Amino acid sequence: MISEQEKNSRKFDPTKSELEILQVLWEHGPSTVRFVNDRLNEQKDVNYTSTLKLMQIMVEKEILKRDESQMKHIYIVVEEEQKTKNHLLNKFVDSMYKGSAGSLVMQVLGNNQASKEDIKAIKELLNKLDKE
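This is a predicted model, so every value here is computed, not measured.

Rules and cut-offs
- Residues numbered from 1 in each chain as written.
- Predicted model: local features only at pLDDT ≥ 70, side-chain atom pairs only at ≥ 80, totals over all residues.
- Heavy atoms only, no water.
- Phe/Tyr/Trp six-rings, centres within 6.5 Å; stacked < 30°, edge-to-face > 60°.
- Lys NZ or Arg CZ within 6 Å of the ring centre and 35° of its normal.
- Pairing = 2+ DSSP bridges.
- Helix = DSSP H or I, 4+ residues; strand = E, 2+ residues; numbered from the N terminus.
- Core = buried A, V, L, I, M, F, W, Y, C linked by side-chain atoms within 4.5 Å.
- Buried < 20%, exposed > 50% of the residue type's maximum accessible area, 1.4 Å probe, protein only.
- Contact = heavy atoms within 4.5 Å.

**Q** Could you give an account of the packing of aromatic side chains, with specific residues and numbers?
**A** In total, this model carries 1 aromatic pair according to the counting rule given. A cation over an aromatic ring shows up here: Arg-39 above the ring of Phe-35, its NZ or CZ 4.3 Å from the ring centre.

Written out as structure tokens, the structure is:
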């Protein structure tokens, strides 16, 4: 038997393939399976029936909801993008960096992959946080 807490946690733990679908829906808004599948096929070969099945599973997991009021069913993301990303980031920081956001930032900046624009934006954010 699955507890309510485990069920809610799973809702926020989309698989890699589910995240790809979520990215399309976050970028383009409520969409049909055909539209989502077409966008996914711009990056890699994805079978329509696989996308359909995965989106149906996402409805069961309450990650998506389906509007059946029209002939073509429209799929809509249940949770807002930022809430899902915050949850996944917090989970990642907890598991990989023992909850230390600082360790994560130091690793990212230490990899020398941040652009000058990224570093400038980070400095501005740090200055803003320092003033609060």
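**Q** Residues and numbers for the pairing of strand E2 (residues 74-77), please.
**A** Strand residues, when the strand is regular, have side chains that alternate between the two faces of the sheet. As paired strands, strand E1 (residues 64-67) and E2 are joined by 4 bridges and run antiparallel to one another. When the bridges of E2 are listed, Leu-64 appears paired with Val-77. A loop of 6 residues connects E1 with E2, the two strands running antiparallel in sequence.

**Q** Please provide a residue-by-residue account of the nonpolar core, values included.
**A** Counting residues in each nonpolar core, the largest one holds 17 residues, and the members touching the most others are Ile-21, Leu-22, Val-36, Met-55 and Leu-64. Elements supplying a minimum of two residues to this core: helix H2 (16-28), helix H3 (33-41), helix H4 (48-60) and E2. Among the elements that make up this core, the one with the highest residue count is H2 (5 residues). Excluding anything up to four places from it in sequence, Leu-22 contacts Pro-14, Met-58, Ile-63, Leu-64 and Val-77.

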